[in-house]
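What follows is each chain in one-letter form.
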Amino acid sequence: MVDDQLFKSSLLFSEQRLCYADILPPSQVRARIEVAVLNFLRILTSPGRPAVSDLHLIGRRSRNSNVGSGLVSGGLWIYLSKEVTKRSLGRESAAKAFVRVWKVMEMCLRVLVEEKRVTQRELFYKLLCSSPEYFTSQKQVNRTIQDVVALLRCSRYSLGIMASSRGLIAGRVMLQEANQDVFDCSSCGSSGHAIKGDLNLLENLVINTVARYVIVIEKHAVFQRLVEDRFFNHIPSILITAKGYPDIATRLLLHRISRAFPSLPILALVDWNPAGLAILCTFKYGSIGMGLEAYRYACNVKWLGVRGEDLQLIPEESLTPLKAKDLQIAKSLTSSEILQDCYKEELSLMVQKGSRAEVEALYYHGYDFLGKYLAEKI
């Protein structure tokens, strides 16, 4: 893929310690799984008392993460270094996590052999039925999938796991799938055009646009308001929402647009609270949990609003108190090396005021004010 070639050519990166997950054909993924199994069996059948080895995975913690930049693209994204963590059958606390890795690998191997693709949710129910003593929550499955990615160094999509997409797109952009008609995203209603979860389809999507801006919108309701008002006709733009925390398919499409049109500014409209900033940072840098794949989804997103300077537009009565979860997110973001100083200042102001402001608070000035606000900010 072009992005992979660009990425690898830029190792020529400022950092050589970077680890990443390969995009592989099913035959190569099956080979990696089979090698892992054979190595484990070799240890079990070795002469004398068999020593069960640990599984060495690339660590997915903040201390093993950093922000790298490519000399070619100039973009920033989270990456993981070569520090490893272990899943060990010999430690009671990690024994179940050790077994889960093999269970998920077994399931992925079946999916690849059958030439199918499954969502994480489908995988969870399959594992819940076949191995209920090891899998009791979706979170366990999601974490174990990332363990398998870290062990085999291949992407989730290569394992046969496809994204569940919540994302929508609208505005001045034309999309064309292979052997399909061109779809004009300015002709859809206020609901927008659904972003499909097939990452291979998104990678090969033909994209054309006359837009001058891309606007990433945190909330579905705000997205609907702007589409209904045909904001993209007043300011030639592409509107995208993931309806909250961004899913992989939405992030990949945004990344594709940023690669195809590198001079097109990408601006974010999020709530003025720690969660809104965390959503922006996920689009911008990727996440530590998916640090092996972050470069495939990150893009240079700028914070358009709501900012601290906009609080003068919002009545005091519309501000709501920060919740405990907000303070926890703020603490995590403030301690992170990835965050720009100006963003840390915004966080400090949020904590100092002890309040948060939602985008919808701007409707105090009328339902058509949001479009005027964005035009002014742009």
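Counting starts from 1 at the beginning of each chain's written sequence and moves along it residue by residue. Local features in a predicted model are, by the rule used here, given only for residues with pLDDT of at least 70; side-chain atom pairs are given and counted only at 80 or more, and totals for whole chains, interfaces and linings are based on all residues. Excluded from the side-chain calculations are hydrogens and water; all other atoms, namely the structure's heavy atoms, are used.

Engineer: With reference to specific residues and values, describe the overall build of the chain.
Structural biologist: A count of helices and strands for the chain gives 13 helices and 15 strands. Only protein chains enter the accessibility calculation, which uses a 1.4 Å probe; a residue whose area is less than 20% of its type maximum is buried, one above 50% is exposed, and one in between is partly exposed. For the chain, with 378 residues in total, the buried portion stands at 52%. At a minimum sequence separation of 6, the contacts of the chain that also span at least 24 residues come to 74%. Throughout, the Shrake-Rupley method with a 1.4 Å probe supplies accessible areas, and for residues the shown protein chains are the sole cover considered. Of the roughly 17900 Å² of accessible surface on the chain, a fraction of 52% belongs to carbon and sulfur atoms. Only DSSP runs of H or I with at least four residues qualify as helices, and only runs of E with at least two residues qualify as strands; both kinds are numbered from the N terminus onward. A contact between two residues is defined here by any heavy atoms of the two lying within 4.5 Å.

Engineer: Go over the packing of helix α7 (residues 220-228) against helix α13 (residues 369-377), please, and point to the residues and values.
Structural biologist: For the pair α7 and α13, interaxial distance at closest approach is 9 Å and the crossing angle is 90°. Regarding the angle of α7 to α13, the classification is roughly perpendicular. Contact with α7, carried on its side by Val222, Arg225 and Leu226, involves Leu370, Gly371 and Leu374 of α13 and no other residues of that element. Lines fitted to C-alpha atoms define the axes here, with helix axes fitted over just the stretch in contact, and angles between the N-to-C directions of these axes take values from 0 to 180 degrees. Here the word oblique covers every angle except those under 35 degrees (roughly parallel), over 145 (roughly antiparallel) and from 65 to 115 (roughly perpendicular).

Engineer: Describe the packing of aromatic side chains, and please don't skip the residues or the numbers.
Structural biologist: Any two of the Phe, Tyr and Trp rings considered here, Trp counted by its six-membered ring, make a pair once their centres fall within 6.5 Å; the pair's planes then place it as stacked at under 30 degrees, edge-to-face at over 60, or tilted in between. For the coordinates displayed, the defined rule picks out 4 aromatic pairs. With centroids separated by 5.1 Å and ring planes inclined at 55°, the aromatic side chains of Phe124 and Tyr125 adopt a geometry described as tilted. Under the relative-accessibility criterion, Phe124 is labelled buried at 6%. Judged by its relative accessible area of 43%, Tyr125 is partly exposed. Ring geometry for Trp303 versus Tyr343: centroids 5.2 Å apart, planes at 85°, classification edge-to-face. One end of the pair, Trp303, is in strand β13 (residues 301-305); the other, Tyr343, is in helix α12 (residues 341-353), and 40 residues separate them in sequence. The positively charged end of Arg117 is found above the aromatic ring belonging to Tyr157, 3.7 Å away from the centroid. Lying across the ring of Trp303, Arg307 places its NZ or CZ 4.5 Å from the centre. Two thresholds decide whether a charge sits over a ring: the Lys NZ or Arg CZ must be within 6 Å of the ring centre and within 35 degrees of the ring normal.

Engineer: Run through the sheet that holds β13, naming residues and quoting values.
Structural biologist: For two strands to be treated as a pair, DSSP must find at least two bridges joining them. One open sheet accounts for 6 strands, arranged β8-β5-β11-β10-β12-β13; its pairing is mixed. Each of the sheet's edge strands pairs with one partner strand only, and the pair in question is β8 (193-194) and β13. As paired strands, strand β10 (residues 213-217) and strand β12 (residues 266-269) are joined by 4 bridges and run parallel to one another. Within the sheet, the bridge partner assigned to Val216 lies in β12 and is Ala268. Here α7 sits on the sheet in contact with β5 (168-171), β10, β11 (237-241) and β12, set at roughly 155° to β11. Sitting on the sheet, helix α10 (residues 274-285) is in contact with β10, β12 and β13, with an inclination near 155° to β13.

Engineer: Describe the pattern of salt bridges, with residues and values.
Structural biologist: Each reported salt bridge corresponds to a side-chain nitrogen of Lys or Arg within 4 Å of a carboxyl oxygen of Asp or Glu. Scanning the entire structure with this criterion turns up 12 salt bridges. A salt bridge links Arg110 to Glu106; its shortest N-O distance comes to 3.1 Å. Placement of both Arg110 and Glu106 in helix α3 (residues 92-113) is noted, with a separation of 4 residues, approximately one turn of the helix. Salt bridges here are not isolated pairs; linked through shared partners, they connect Lys219, Asp271, Glu358 and Glu360.

Engineer: Explain unusual backbone geometry to me, using residue names and the numbers behind them.
Structural biologist: Residue Val306 is bonded to the preceding Gly305 through a cis peptide linkage, with omega at -5°. Following the sequence through the fold, Val306 ends up in the loop between β13 and β14 (320-321).

Engineer: Break down the environment of Val99 for me, with residues and values.
Structural biologist: Relative to the assigned elements, Val99 resides in helix α3. Exposure remark for Val99: the relative accessible area of 19% places this residue in the buried category. As for Val99 and Thr144, which are separated by 45 residues in sequence, their C-alpha atoms are 9.8 Å apart.

Engineer: Summarise the pairing of strand β6 (residues 173-176); cite the residues concerned and give the values.
Structural biologist: On β6, burial follows the alternation: Val173 and Leu175 on one face are buried, whereas Met174 and Gln176 on the facing-out side are not. Here 4 bridges tie β6 to strand β9 (residues 206-209), and the two strands are oriented antiparallel to one another. Among the inter-strand pairings, Gln176 is bridged to a residue of β9, identified as Val206. Hairpin connection between β6 and strand β7 (residues 183-184): a loop of 6 residues separates the two successive antiparallel strands, and Asn179 in this loop has a positive phi of roughly 60°.

Engineer: Give me the lowdown on the packing of α10 against helix α11 (residues 324-335), citing residues and values where you can.
Structural biologist: Here α10 crosses α11 at 45°, and the two axes come no closer than 8 Å. The angle between α10 and α11 places the two elements in the oblique class. Classified by chirality, the crossing of α11 by α10 is left-handed. Mapping the contact onto sequence places Pro274, Ala275, Leu277, Ala278 and Cys281 in α10 and Asp326, Ile329, Ala330 and Leu333 in α11. Think of it as three bins: nonpolar holds Ala, Val, Leu, Ile, Met, Phe, Trp, Tyr, Cys and Pro, charged holds Asp, Glu, Lys and Arg, and polar takes everything else, Gly as well. Looking at the contact of α10 with α11 residue by residue, the classes come out as 8 nonpolar, no polar and 1 charged. The hand of a helix crossing depends on one turn: near helix anticlockwise from the far one by less than a right angle means left-handed, and clockwise means right-handed.

Engineer: Give a detailed account of the pairing of β5, specifying residues and quantitative values.
Structural biologist: Neither face of β5 is open: one carries Leu168 and Ala170, the other Ile169 and Gly171, and all of them are buried. Both β5 and β8 contribute to a ladder of 2 bridges, which runs antiparallel. Bridge pairing in β8 links Leu168 to Ala194. Pairing of β5 with β11 involves 4 bridges; the strand directions are antiparallel. Bridging from a neighbouring strand, Gly171 pairs with Ile238 of β11.

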